[in-house]
Amino acid sequence: PVVLSADETDRFFSHVYTIRYRAALMTAYGAGLRSSEVVRLQVGDIDSQRMLLRVRQGKGGKDRYAMLSPRLLEVLRCWWRSQHPAGQPHPTSPEDWLFPGSRQGSHMTASGLRLVCREAAREALLTKRVTPHTLRHGFATHLLENGTDLRIIQVLLGHSRIDTTARYAAVSPT
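The structure contained in this document is the topic of the report that follows. This one's a predicted model, so the numbers in the text were calculated from it and none came from an experiment.

Let's shift gears to the overall build of the chain. Helices and strands together make up the secondary structure of the chain, namely eight helices and three strands. Taken from the N to the C terminus, the helices and strands of the chain come in the order α-α-α-β-β-β-α-α-α-α-α. Its C-alpha atoms give the chain a radius of gyration of 16 Å, within 12% of the compact-globule value 16 Å for 174 residues. Each principal axis of the C-alpha distribution contributes one length, and for the chain these read about 50 × 35 × 25 Å. Counting across all 174 residues of the chain, residues that qualify as buried make up 43%. For the chain, the share of sequence-separated contacts (at least 6 apart) that also reach a separation of at least 24 residues comes to 59%. For the chain, the exposed surface amounts to about 9,500 Å²; the carbon and sulfur share of it is 53%. Distance from the positive charge centre (24 side chains) to the negative charge centre (15 side chains) of the chain: 5 Å.

The following block contains the structure:
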């Protein structure tokens, strides 16, 4: 899998210009989610008390929890505040999409996320092919490089087989 270095990751995110897509792509990277999982997150899926994101019906129709770092939580709160200014009424439901689409009642599309990803990589002058899944690979590889056990990464990614997760060990220089 293609993995961005820490410097390339920073350069990439500095070229994602809208807060909506930046928050969505940072969720893909910060929680290791697939693009289809990111776009289908609902407001009620954020558990800031336990620092978890609930992933409903991920690949294979499985539910799981992903980690929610303090940094990602702050990104999501900034995104939320940008859409719901203080002092203005904003009735929301836990079933509301975290990243709503352009049409009423729809969520952001995975294809839109891929397009923004490609444009940001081009603007950042990255020669690697960058997709939202590249960010997921980066999440796993960077955790592995920082000493996280492969079985923990397996659970966070929602892999049923350890050999699927073990692919990340092959691309890690450590």
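From this point on, the discussion continues.
A few words on empty space enclosed by the protein. Taken as a whole and assessed by the stated rule, the structure comprises one cavity of 30 Å³ or more. What lines the largest cavity is simply E37, R40, L41, D45, R54, V55 and R56. Of the residues in the lining of the largest cavity, the class split is two nonpolar, no polar and five charged.

Orientation of helix α2 (residues 19–31) relative to helix α6 (residues 132–145), taken along the N-to-C sense of each, is 35°, at an axis distance of 6 Å. For the pair α2 and α6, the crossing hand works out as right-handed. Packed against α2, whose contacting residues are L25, A28, Y29, G30 and A31, the element α6 presents P132, L135, R136, G138, F139 and H142 at the interface. Among the residues forming the contact of α2 with α6, the class breakdown is seven nonpolar, three polar and one charged.

This part is about the pattern of salt bridges. Taken as a whole and assessed by the stated rule, the structure comprises ten salt bridges. With a closest N to O distance of 2.6 Å, R56 and D45 form a salt bridge. Separated by eleven residues along the polypeptide, R56 in the loop between β2 (52–55) and β3 (64–67) and D45 in the loop between α3 (35–39) and β1 (46–47) bring together distant segments of the chain. Since its relative accessible area comes to 32%, R56 is described here as partly exposed. Across the pair D47 and R50 runs a salt bridge whose closest N-O atoms are separated by 3.0 Å. Sharing partners across several salt bridges, the network here consists of R34, E37 and R64.

This part is about the nonpolar core. In this structure, F12, L25 and F99 are the most contacted members of the largest nonpolar core, which totals 36 residues. Broken down by secondary-structure element, the contributors of at least two residues to this core are α1 (6–13), α2, α3, β2, α4 (70–83) and α5 (110–123). Broken down by element, the residue count for this core peaks at seven residues, all from α2.

Basis of the calculations
- Residues numbered from 1 in each chain as written.
- Predicted model: local features only at pLDDT ≥ 70, side-chain atom pairs only at ≥ 80, totals over all residues.
- Heavy atoms only, no water.
- Helix = DSSP H or I, 4+ residues; strand = E, 2+ residues; numbered from the N terminus.
- Rg over C-alpha atoms; globule rule 2.2 N^0.38 Å.
- Buried < 20%, exposed > 50% of the residue type's maximum accessible area, 1.4 Å probe, protein only.
- Contact = heavy atoms within 4.5 Å.
- Areas by Shrake-Rupley, 256 points an atom, 1.4 Å probe, with all protein chains shown as cover.
- Lys, Arg positive; Asp, Glu negative; His and termini not counted.
- Charge placed at Lys NZ, Arg CZ, Asp CG, Glu CD.
- 1 Å grid on protein atoms, 1.4 Å probe; cavity = no way out; pocket = protein on both sides within 12 Å on 5 of 7 lines; lining within 4 Å.
- Points joined across faces, edges and corners; volume = space filled by probe spheres on them.
- Nonpolar A, V, L, I, M, F, W, Y, C, P; charged D, E, K, R; others polar.
- Axes fitted to C-alpha atoms, helices over the stretch in contact; angles between N-to-C directions.
- Left-handed = near helix turned anticlockwise from the far one by under 90°.
- Salt bridge = Lys/Arg side-chain N within 4 Å of Asp/Glu carboxyl O.
- Core = buried A, V, L, I, M, F, W, Y, C linked by side-chain atoms within 4.5 Å.

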